[in-house]
Amino acid sequence: MKINKYFCKDCYKFFDNPNYSDEKHGLNSPPYERIPICTNCGSSNFVIHKNFIEKIDVAEIILPVAMYLNRYCNALKDIYGGSIRNEELNTSVEIIVEAISEMFEFLDNDVDREILKMSSESELQRILMRLKG
């Protein structure tokens with residue numbers, strides 16, 4: 001599997017390897033400057049696009065979202081009482097937990113429950129440490 005591709009910011013297309021153009025800068029003989037260009041439109045306005053992202057990098061981004069959603073749910077319970085329940089918020093956290101569980105198959109149900117209740121930075125760091133091994 002190819003890890004990197006390129007994305008052209010002018011024609012909005014992906015490509016595997018750039019073509020090269022020789023920029024002469026008014027010189028009659030080499031060495032010329034080799035400029036990488038988009039294979040689709042010839043622009044040099046492109047960036048490397050990584051197709052492969054480490055699972056732990058994704059977890060480090062979405063686990064804080066679960067923590068903040070849990071904090072918000074707890075704040076609502078403080079305001080409206082412990083019996084308040086918002087299905088959209090609860091489902092959001094459950095989706096995050098399911099995604100983490102599918103990415104890290106070695107996790108047991110205890111970690112899932114910890115993520116569902118996680119509301120502090122220390123809990124977040126403890127879970128990330130378990131994911132990192």
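Read on for a plain summary of the structure. (Residues numbered from 1 in each chain as written. Predicted model: local features only at pLDDT ≥ 70, side-chain atom pairs only at ≥ 80, totals over all residues. Heavy atoms only, no water.)

Turning our attention to the sheet that holds strand β5 (residues 46–50). Read across the open sheet, the three strands follow the order β2-β1-β5; overall the sheet is antiparallel. Sheet topology places β2 (14–15) and β5 at the edges, where each strand pairs with a single neighbour. Summarising the sheet, strand β1 (residues 4–8) and β2 pair through two bridges and their orientation is antiparallel. Bridging from a neighbouring strand, F7 pairs with F14 of β2. (Pairing = 2+ DSSP bridges. Helix = DSSP H or I, 4+ residues; strand = E, 2+ residues; numbered from the N terminus.)

The next subject is the packing of aromatic side chains. Evaluated as defined, the whole model comprises six aromatic pairs. Note on F7 and F14: the rings are 5.0 Å apart at their centroids and 50° apart in plane angle, and the pair reads as tilted. According to the relative accessible area criterion, F7 is partly exposed, its value standing at 22%. Relative accessible area serves as the criterion here: at 45%, F14 is assigned to the partly exposed category. Summarising the aromatic geometry, the rings of F15 and F46 are spaced 5.3 Å apart at their centres and angled 75° between planes, so their arrangement reads as edge-to-face. With F15 in strand β2 and F46 in strand β5, this pair connects stretches of sequence that are 31 residues apart. You can call F15 buried: its relative accessible area is 4%. Residue F46 is classed as buried on the basis of its relative accessible area, which comes to 17%. (Phe/Tyr/Trp six-rings, centres within 6.5 Å; stacked < 30°, edge-to-face > 60°. Buried < 20%, exposed > 50% of the residue type's maximum accessible area, 1.4 Å probe, protein only.)

Below, the discussion takes up the pattern of salt bridges. Scanning the entire structure with this criterion turns up six salt bridges. In this structure, R85 engages E87 in a salt bridge whose closest nitrogen and oxygen atoms are separated by 3.0 Å. Where R130 meets E114, a salt bridge forms, and the shortest distance between an N and an O atom there is 3.2 Å. With R130 in helix α4 (residues 121–132) and E114 in helix α3 (residues 109–117), this pair connects stretches of sequence that are 16 residues apart. In this structure E114 comes out as partly exposed when scored by relative accessible area, which is 32%. (Salt bridge = Lys/Arg side-chain N within 4 Å of Asp/Glu carboxyl O.)

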